[in-house]
Amino acid sequence: MNIRRITTRGPVATLLLVLLLTACGEFYDFNTSSPVTAGEMSLKRQVVTMVVGDHYAIPVDFSPEELSNNAVFWLSEDDAIATFENDTLVALSEGLTRAFAFTTIDRLRDTCWVYVMPAIYMAPGNYPYDMVIYASVDVHGTRLTTDNAQPYIIAAFVGDELRGIGQMKRRAGIDYMEMRVWSPFTGGDEVRLRCYYRGQARAELFPDVFTFDGEMHGELTHLYPLVLGDDAEEYEPDVEPVDDNPIIELPDTTVVEIYD
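Residues numbered from 1 in each chain as written. Predicted model: local features only at pLDDT ≥ 70, side-chain atom pairs only at ≥ 80, totals over all residues. Heavy atoms only, no water.

Explain the packing of aromatic side chains here, please?
Aromatic rings considered in pairs are described by the distance between their centres and by the relative angle of their planes. Overall, the coordinates contain six aromatic pairs when judged by the stated rule. Pairing Tyr115 with Tyr235 gives two aromatic rings, centres 6.0 Å apart and planes at 55 degrees, and the pair type is tilted. Of the two residues, Tyr115 is situated in strand 12 (residues 109-117) and Tyr235 in the loop between strand 22 (233-234) and strand 23 (255-259); the sequence distance between them amounts to 120 residues. An angle of 15 degrees between the planes, with centres 4.8 Å apart, marks the rings of Tyr152 and Tyr197 as stacked. Of this pair, Tyr152 sits in strand 15 (residues 152-158) while Tyr197 sits in strand 18 (residues 190-197); the two residues are 45 residues apart in sequence, bridging distant segments of the chain. A relative accessible area of 25% places Tyr197 in the partly exposed class. Between Arg194 and the ring centre of Phe157, over which it is positioned, the NZ or CZ distance is 3.7 Å. Across the ring face of Tyr235, the terminal group of Arg194 is positioned such that the distance to the ring centre comes to 3.7 Å. (Phe/Tyr/Trp six-rings, centres within 6.5 Å; stacked < 30°, edge-to-face > 60°. Helix = DSSP H or I, 4+ residues; strand = E, 2+ residues; numbered from the N terminus. Buried < 20%, exposed > 50% of the residue type's maximum accessible area, 1.4 Å probe, protein only. Lys NZ or Arg CZ within 6 Å of the ring centre and 35° of its normal.)

See below:
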């Protein structure tokens, strides 16, 4: 008998995990507070950053490697924010939740935070004042062009408020990004740019800090260089410390599919 899927249909209210599965005369008891086998399973990401509507399969490591034959099951602490379709995490609405991974055979487990940003779109003219940045963009050694920039979203924020979205353009054979930043004030806002990469479900901060001034920065013949290097700072939301062995209680509406 193999358990193929376990999903929840509502937010998890407590930090207690008791999973009891009974089928075909066999009884399964999984509780993260009980002893585990020698070895460990760890999620490669402690914080997963996503945009509403995106999908991401969280990578898992096993030590020793032979434990990788364990089937991994997934739960979301709040399915209204992010849920699992088989092994793939799907971002549904803005918010912060946690993903839980566990195995029933060797009783391995781990958890990570899932931060879902709102869908990144912005109607021009929300604020009356704007500043424009014309830039060349390099992300970890890849120069972005109109041909390869689709997986990336580069956006301007003041604090956590979205103020602009970069548009890749080509003129006179030159690829560049046009970032129009909006503000309710004529000057003074501190603007930071984030690069969100869908393929890795992560957001990184460009080192550049702009002060909103209503002016133009860079031009077609002298683009402003935006560079994300290997030492780029990852953008992560503020999260509260949690128990190293978090457990959750499955709500009554848990769906369990079992196959012989």
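Mind showing me how you'd approach the pairing of strand 10 (residues 88-91) here?
The pairing of strand 6 (residues 55-56) with strand 10 spans two bridges and is classified as antiparallel. Looking at strand 10, one finds that His55 is bridged to Val90. With four bridges joining them, strand 9 (residues 82-85) and strand 10 adopt antiparallel strand pairing. For Phe84, the partnering residue across the bridge sits in strand 10 and is Leu89. (Pairing = 2+ DSSP bridges.)

What's the story with the nonpolar core in this structure? I'm lost.
For soluble globular proteins, nonpolar side chains are generally found buried alongside one another. Judged by nonpolar contacts, the single largest core of 34 residues is most densely connected at Val48, Met50, Ile58 and Leu89. Broken down by secondary-structure element, the contributors of at least two residues to this core are strand 4 (40-43), strand 5 (47-51), strand 9, strand 10, strand 11 (95-102), strand 12, strand 15 and strand 19 (202-211). Beyond its immediate stretch of four places on either side in the chain, Met50 contacts His55, Tyr56, Leu89, Ala91, Val114, Tyr115, Val116, Met117, Tyr196 and Ala201. Residues Tyr152, Met177, Met179 and Leu228 belong to the second largest nonpolar core, which totals 22 residues. (Core = buried A, V, L, I, M, F, W, Y, C linked by side-chain atoms within 4.5 Å. Contact = heavy atoms within 4.5 Å.)

Looking at this structure, I do not really get unusual backbone geometry. What am I missing?
In most cases, non-glycine residues show a negative phi, while peptide bonds are predominantly trans. In this chain, Ser63 is followed by Pro64 through a cis amide linkage whose omega measures 0 degrees. Positive phi values are uncommon outside glycine, yet His140 reaches one of about 50 degrees. Tracing the backbone through its elements, the reader meets His140 in the loop between strand 13 (129-139) and strand 14 (142-143). For His140, a relative accessible area of 36% puts it in the partly exposed group.

When you look at the pattern of salt bridges in this model, what are you seeing that I'm missing?
The final tally for this structure, using the stated rule, is 14 salt bridges. Glu161 serves as the salt-bridge partner of Arg163, at 3.2 Å between the closest nitrogen and oxygen. For Glu161, a relative accessible area of 31% gives the class partly exposed. The residue Arg180 makes a salt bridge to Glu178 at a minimum N-O spacing of 3.6 Å. Within this structure, Arg45, Arg202, Glu204 and Glu234 form a network of salt bridges that share partners. (Salt bridge = Lys/Arg side-chain N within 4 Å of Asp/Glu carboxyl O.)

Quick question: what am I supposed to make of the sheet that holds strand 12 here?
As a general point, the strands of a sheet are linked pairwise by backbone hydrogen bonds and lie either parallel or antiparallel. As summarised here, the arrangement of the four strands in space is 5-12-11-8, forming an open sheet in which the pairing is mixed. Only two strands of the sheet have a single partner each, and these edge strands are strand 5 and strand 8 (73-76). For this sheet, the mean angle separating the axes of adjacent strands, direction not counted, is 25 degrees. Of the pairings in the sheet, the one linking strand 11 to strand 12 comprises eight bridges and is antiparallel in character. (Axes fitted to C-alpha atoms, helices over the stretch in contact; angles between N-to-C directions.)

Nothing here speaks to function; it is geometry throughout.
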